[in-house]
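Fold and contact review
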Amino acid sequence: MEEYAREPCPWRIIDDCGGAFTMGAIGGAVFQSIKGFRNAPSGINKRILGSLTAIKQKSPIIAGNFALWGGMFSTIDCTLVHLRKKEDPWNSIISGAATGGILAARNGLPAMAGSAIIGGVLLALIEGVGIFITRLSAEQFKPPSFTEDPNHLRQGHPS
């Protein structure tokens, strides 16, 4: 099984930004299609047209916001990797907190602090689940330990 290797840092930012844009475009299209369909006047043709109009108007904005978040997160993460000289979960947690705080800077200091806390806690949960799953799957592939049982040979079992 080939392990997923991350891109080097300058290209990682572009890769994460593009991936976040794609997720935002697809998720935004799904969400806006439902919202546009529900808010349109009655009649199937009007509802489909309302759905498509909502997708065209709002989905690019959502995708751009996701790309901005992903690019900023990845830039801060790469900066921390460079400054700290190691890649560990703390970089992601700090990056999530900093990204949340920076993106809420327009709304004042209380909003910045709240968004930073939410960003840090969210990334800590994500990193924690990732570590838990990694440890759980690592035990699954751990080689069995062969300890010699002294009673095994006395009972007449072939060795």
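Think of each chain on its own: its residues are numbered from 1, step by step along the sequence as written. Confidence filtering applies because this is a predicted model: local features only for residues at pLDDT of at least 70, side-chain atom pairs given and counted only at 80 or more, and all residues used for totals across whole chains, interfaces and linings. Calculated side-chain values reflect all of the structure's heavy atoms, with hydrogen atoms and water omitted.

Spelled out, the test is: UniProt positions are given in the numbering used here, feature names are shortened, and annotations may be inferred rather than shown by experiment.
As named in an unreviewed UniProt entry, the protein chain is Mitochondrial import inner membrane translocase subunit tim17, taken from Frieseomelitta varia. Within the UniProt record for the protein chain, the comment given under Function (unreviewed entry) is "Essential component of the TIM23 complex, a complex that mediates the translocation of transit peptide-containing proteins across the mitochondrial inner membrane." Note on the protein chain: under the UniProt heading Subcellular location (unreviewed entry), the record states "Mitochondrion inner membrane".

1. Topic: the overall build of the protein chain
Applicable threshold: Going along the chain from the N terminus, every DSSP run of H or I of four or more residues is numbered as a helix, and every run of E of two or more is numbered as a strand. Burial here depends on accessible area, computed with a 1.4 Å probe over protein chains only, as a share of the maximum for the residue type. Under 20% is buried, over 50% is exposed, and the range in between is partly exposed. Each accessible area is a Shrake-Rupley result for a 1.4 Å probe, and residues are judged covered by the shown protein chains and nothing else.
When helices and strands are counted, the protein chain shows 5 helices and 0 strands. For the protein chain, the sequential pattern of α-helices and β-strands runs α-α-α-α-α. Burial status across the protein chain gives 23% buried among its 159 residues. As presented, the protein chain carries roughly 11800 Å² of accessible surface, and 67% of it is formed by carbon and sulfur atoms.

2. A short note on unusual backbone geometry
In this structure, K85 takes a positive phi of about 65 degrees despite not being glycine. If you trace the backbone, K85 turns up in the loop between α2 (44–84) and α3 (89–103). Overall, K85 belongs to the exposed group, its relative accessible area being 67%.

3. Re a nonpolar patch on the surface
In plain terms, the rule: Only residues whose relative accessible area exceeds 30% and that form no salt bridge are eligible for patches; like-charged ones are grouped when within 9 Å, while nonpolar side chains (Val, Leu, Ile, Met, Phe, Trp, Tyr) are grouped when within 5 Å. Any Lys or Arg side-chain nitrogen found within 4 Å of a carboxyl oxygen on Asp or Glu counts as a salt bridge.
Nonpolar side chains collect at one region of the surface, where F37, I44, I48 and L52 lie side by side and expose about 360 Å² of accessible area between them. For the nonpolar patch, the element with the most residues is α2, which contributes 3 residues. In this structure, I48 sits in helix α2. Look at I48 and you get partly exposed, because its relative accessible area is 43%.

4. Focus: the packing of aromatic side chains
How we decide: Any two of the Phe, Tyr and Trp rings considered here, Trp counted by its six-membered ring, make a pair once their centres fall within 6.5 Å; the pair's planes then place it as stacked at under 30 degrees, edge-to-face at over 60, or tilted in between.
Under the counting rule described, the total for this entry stands at 1 aromatic pair. Summarising the aromatic geometry, the rings of W69 and F73 are spaced 5.2 Å apart at their centres and angled 5 degrees between planes, so their arrangement reads as stacked. Taken together, the positions of W69 and F73, both in helix α2 and 4 residues apart, correspond to about one turn of that helix. Given a relative accessible area of 34%, W69 falls into the partly exposed group. The exposure class assigned to F73 is buried, which follows from its relative accessible area of 13%.

5. Some thoughts on the UniProt feature "transmembrane region" (unreviewed entry) in the protein chain
The positions UniProt marks with the feature "transmembrane region" (unreviewed entry) are residues 111–133. The span residues 111–133 carries 100% helix and 0% strand; its end-to-end C-alpha distance comes to 33 Å.

6. Considerations on α2
This is how it is decided: The span expected for a helix works out to 1.5 Å for each residue beyond the first. Given a residue, its bend is the angle between the two axes fitted to the seven residues that end at it and to the seven that start from it.
In a regular helix each residue adds 1.5 Å, so 41 residues correspond to 60 Å; α2 covers 57 Å between its end C-alpha atoms and thus fits that length. Residue K58 marks the point of greatest curvature in α2, where the axis turns by about 35 degrees; the proline P60 follows within four residues. Looking one or two residues past α2, K85 carries a phi angle of roughly 65 degrees, positive in sign.

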